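Topology and contacts: notes
Chain by chain, the residues:
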Amino acid sequence: MLDIKLIREQPDHVRERLAARGAGDEAKISEVLNLDDQRRKALVEVEQLKAERNKVSKEIGALMGQKKLEEAEAKKKQTRDIGDRITVLDKQVAEVEAARDAILLRLPNLPHTKVALGKSAAENPTVRTWGNKPAFSAKPKSHVELCEQLKLVDFARGAKLSGSGFLLYTNWGARLERALIQFLLDLHTTEHGYTEVAPPYIIGRECMVGVGQFPKFEDQAYAVQEGLDKDTMGKLYLLPTAEAPVANIHRDEILKETQLPIRYCAYSPCFRAEAGAAGLGTRGMIRVHQFDKVELIKLVKPEDGYAELDKMVGNAERVLQLLGLHYKVIQLCTGDMGFASAMTFDIEVWAPGQDQYLEVSSCSNCEDFQARRMNLRFKTEAGENKFPHILNGSGTALARLFVALIETHQQPDGSIYIPEPLRPYLKADKIPA
RNA sequence: GGAGAGAUGGCUGAGUGGCCGAAAGCGACGGUUUGCUAAACCGUUAUACGGGUUAAACCGUAUCGGGGGUUCGAAUCCCCCUCUCUCCGCCA
């Protein structure tokens, strides 16, 4: 959520930054200002009335104590009217405030001024690349072909169980998935300084609002109903990413400055309705309704936000380096960034069988946008309460990593080469043909 | 799912209609004393919103799990919800 004070004090700056996203949100600022102005005017009035009522009520108390009952009764009558007007004005304030906040909750974060201007993914600048596209003597196979030949994933039966977009990993496929999860968690906890947490997979609505998924993207989530009780709908959701629960761990808290930075990593499956992505577009594992992911979350002091973002990107890159996978890091331009983010770097790994790069990580600094929504603050040494920067990044998404790994390391004999760092986890140096 | 108990400031815990934004203790912070440490003593110690100010000072409003009600006035009375604990049932 944007700071209402910032909107009040620098409306043109806010409009300009929103306009950079190219979604037309800057048009809503006038209405926010108008509602905010109405709210404050009504608030001043109602607070004056309340002050008056409090004053008279105290006098009544004093009179009652002195047994001057008649005078007390007279004053009671006087304040009854004030009470009625307060009720009306209170309601008015609440309504205007709700209207204002409904807009504020749907306004995206302001892009950092250093983010490249652009309209779409086509304008995302590449920051760097690592490694090279591997050479193959024959045309490399797609992961779909490899999975079927090596029986790593049973696509047909996955769909039988849960519909299209759901995967049934089998045998070496299941073991590889599990090995990757373990490898990633160990890497981030033992080498990158993250504290592992294991969050619930079904999460409350507030978590979704806190990270900015809701209210704007409610159509993308799987909602959960408890048994046959339809009243429970709208309360719990399958998590779309571990970011949602983990970033909310300290919601409504005031942390001590010395607690920062907090760095969490978490494995979770991720559930995405992908509404509007008809047929998911791609065959195989690239766009599915459920996938595994190891997520990185940081809560840091504002002045450390961007240094920590760079480190986080580096932590995700390390995964691909250890697995010997070629990738590039791109910065998302203003028009391509996510709702809550002020700056985002994506890591795209090369998938030879697809002849394309796949997004396996997206690292963002949301600055204080999410902290504000979830009322998460820290107290500085000077005793001031401030909102921390909240960062999230994939470290990394699994299904696509799986794809890149088997497509990159497929061997002429039909087996899959397993990179050294992963072998202790899979307890094998290759997946046999 | 059934029965009961509870939720108060950083923590413990008092408070059953006005003198309560809230006793007391602990902790923390500042100071005095002190060879050092400890102890003792004094003081300070929530948050948000709004007004005000160059900025402060200052003023007001709200907040005792959340929401609603009664009342001139609610931490306190009534209703609903959430969560925690204990016992029973069921269960991986």
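Keep in mind the model is a prediction, meaning the values are calculated, not measured.

Summarising burial for strand β10 (residues 343-351): nine of the nine residues are buried, a large majority. Of the two faces of β10, both are covered, the one formed by Met343, Phe345, Ile347, Val349 and Ala351 as well as the one formed by Thr344, Asp346, Glu348 and Trp350. Where strand β9 (residues 327-331) lies against β10, five bridges are found, and the strand directions are antiparallel. Pairing of Lys328 across the sheet is with Glu348, part of β10. Both β10 and strand β11 (residues 356-365) contribute to a ladder of nine bridges, which runs antiparallel. Counted as the bridge partner of Ile347 is Ser361 from β11. The antiparallel pairing of β10 with β11 creates a hairpin that spans four residues between the two strands, and Asp355 there sits at a positive phi of about 55 degrees.

Okay, the domain arrangement of chain A next. By a frequent convention, interface size equals the accessible area lost on bringing the separate parts together. Taken domain by domain, chain A consists of domain 1 (4-104) and domain 2 (121-431). On a C-alpha basis, the centroid separation for the pair domain 1 and domain 2 is 43 Å. Facing the four residues of domain 1 at the interface are eight residues of domain 2. Buried area between domain 1 and domain 2, both sides added, is near 420 Å², and the carbon and sulfur share of it is 29%. Across the contact surface, domain 1 and domain 2 share five residue pairs in polar contact (both at pLDDT 80 or more). Residues of the side of domain 1 that touches domain 2, tallied by class, amount to two nonpolar, no polar and two charged.

All right, on to the protein's contact with RNA strand B then. Near RNA strand B you find 22 residues, and of these Arg8, Ser57, Arg80, Arg377 and Lys379 are the closest. Backbone atoms, meaning sugar and phosphate, make up 72% of the atoms of RNA strand B lying within 4 Å of the protein. Within the contact set of RNA strand B, a phosphate oxygen lies 3.1 Å away from a side-chain nitrogen or oxygen of Arg40. A distance of 2.7 Å separates a phosphate oxygen of RNA strand B from a polar side-chain atom of Arg80.

The subject of this paragraph is the layout of surface pockets. One number sums up the size of the largest pocket: a volume of about 1400 Å³. Breaking the lining of the largest pocket down by element, the ones donating at least two residues are β8 (290-300), β9, β10, β11, β14 (389-397) and α12 (398-408). At five residues, the largest contribution of residues to the lining of the largest pocket is made by β11.

Running from N to C, helix α3 (residues 29-65) and helix α4 (residues 69-104) point in directions that differ by 160 degrees, and their axes come no closer than 8 Å. For the element pair α3 / α4, the angle class is roughly antiparallel. For the element pair α3 and α4, the recorded crossing hand is left-handed. Looking at the contact of α3 with α4 residue by residue, the classes come out as 20 nonpolar, four polar and 15 charged.

Strand order in the open sheet formed by eight strands is β1-β9-β10-β11-β14-β8-β7-β2, and the pairing between neighbours is mixed. Lying at the two open borders of the sheet, with one neighbouring strand each, are β1 (126-130) and β2 (195-196). By the bridge criterion, four bridges tie β1 to β9 in an arrangement that is antiparallel. What sits directly across from Thr126, in β9, is Ile330. Against the sheet, helix α10 (residues 305-322) contacts β1, β7 (262-271), β8, β9, β10, β11 and β14, and its axis sits at roughly 5 degrees relative to β14. Packed onto the sheet, α12 meets β8, β10, β11 and β14 and runs at close to 40 degrees relative to β14.

Thresholds, definitions, all that
Residues numbered from 1 in each chain as written. Chains lettered and ligands numbered in written order. Predicted model: local features only at pLDDT ≥ 70, side-chain atom pairs only at ≥ 80, totals over all residues. Heavy atoms only, no water. Buried < 20%, exposed > 50% of the residue type's maximum accessible area, 1.4 Å probe, protein only. Helix = DSSP H or I, 4+ residues; strand = E, 2+ residues; numbered from the N terminus. Pairing = 2+ DSSP bridges. Domains from an automatic or database assignment. Contact = heavy atoms within 4.5 Å. Buried area = accessible area lost by both parts, 1.4 Å probe. Polar contact = N/O pair within 3.5 Å; in protein donor to acceptor, adjacent residues only side chain to side chain. Nonpolar A, V, L, I, M, F, W, Y, C, P; charged D, E, K, R; others polar. Near = heavy atom within 4 Å. 1 Å grid on protein atoms, 1.4 Å probe; cavity = no way out; pocket = protein on both sides within 12 Å on 5 of 7 lines; lining within 4 Å. Points joined across faces, edges and corners; volume = space filled by probe spheres on them. Axes fitted to C-alpha atoms, helices over the stretch in contact; angles between N-to-C directions. Parallel < 35°, antiparallel > 145°, perpendicular 65-115°, else oblique. Left-handed = near helix turned anticlockwise from the far one by under 90°.

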